[in-house]
Every structure is written in structure tokens, then in C-alpha cells.
Amino acid sequence: MSSTNRKVRPGNPDVYYTPHYCVHRLLEAVDLPGGVWLEAGAGHGSIIQATKQVRDDIVWSAYELREECRTALER
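Given the structure is predicted, the values throughout are model-derived calculations rather than measurements. (Residues numbered from 1 in each chain as written. Predicted model: local features only at pLDDT ≥ 70, side-chain atom pairs only at ≥ 80, totals over all residues. Heavy atoms only, no water.)

A. Quick look at the packing of aromatic side chains. Scanning all chains against the criterion turns up one aromatic pair. Relative to Trp60, the ring of Trp37 lies with its centre 5.4 Å away and its plane at 80°, an arrangement referred to as edge-to-face. Here Trp37, found in strand S1 (residues 35–39), pairs with Trp60, found in strand S2 (residues 58–62); they are 23 residues apart in sequence, far enough to count as distant. On the basis of relative accessibility, which here comes to 19%, the residue Trp60 falls in the buried class. (Phe/Tyr/Trp six-rings, centres within 6.5 Å; stacked < 30°, edge-to-face > 60°. Helix = DSSP H or I, 4+ residues; strand = E, 2+ residues; numbered from the N terminus. Buried < 20%, exposed > 50% of the residue type's maximum accessible area, 1.4 Å probe, protein only.)

B. Layout of the environment of Pro33. Inspection of the secondary structure assignment puts Pro33 in the loop between helix H1 (20–29) and S1. The exposure class of Pro33 is exposed, given its relative accessible area of 59%. Taking the C-alpha atoms as reference points, Pro33 and Ile58, separated by 25 residues in sequence, lie 8.5 Å from one another.

Given below as C-alpha cells:
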């Protein structure tokens, strides 16, 4: 993704949150297996939270480099 022509606050990394409705539409359209899923750039866990709203057969391994996001992922 590009932040071209977008207002990004100086000093903050480009952060792109995935809206829950996008995850829900993907899960409706694609038959993905349950099991262990990896979220390698988890951020605050938006994709994980959205998936948990509609699926209960997934165990997450989530990783995030930014320390300020890790607390949200521990829930």
C-alpha cells in the first residue's frame, strides 16, 4: 500500500488497519481451513478480532514488532 497523497503524522509508521467487514467478506467468499493461523504483522489484532467474530476453529500465533501493540495481542 502507498501513503501517497495521504496525511501521515511525522514520526509515526504507516499503519493500515484492516476493517472487520473486509475480513468478514473474505471469510464468506473463501473456504479456509481451521487450525493454527499465523498473523505475522498483527498490529493491534484487527484481523484476529474480526475472524474471532465469525470463526471459533482457529488458534492464532501473532507477532508484532511494535511494542505498543503487543498488549492488545495478549488478550
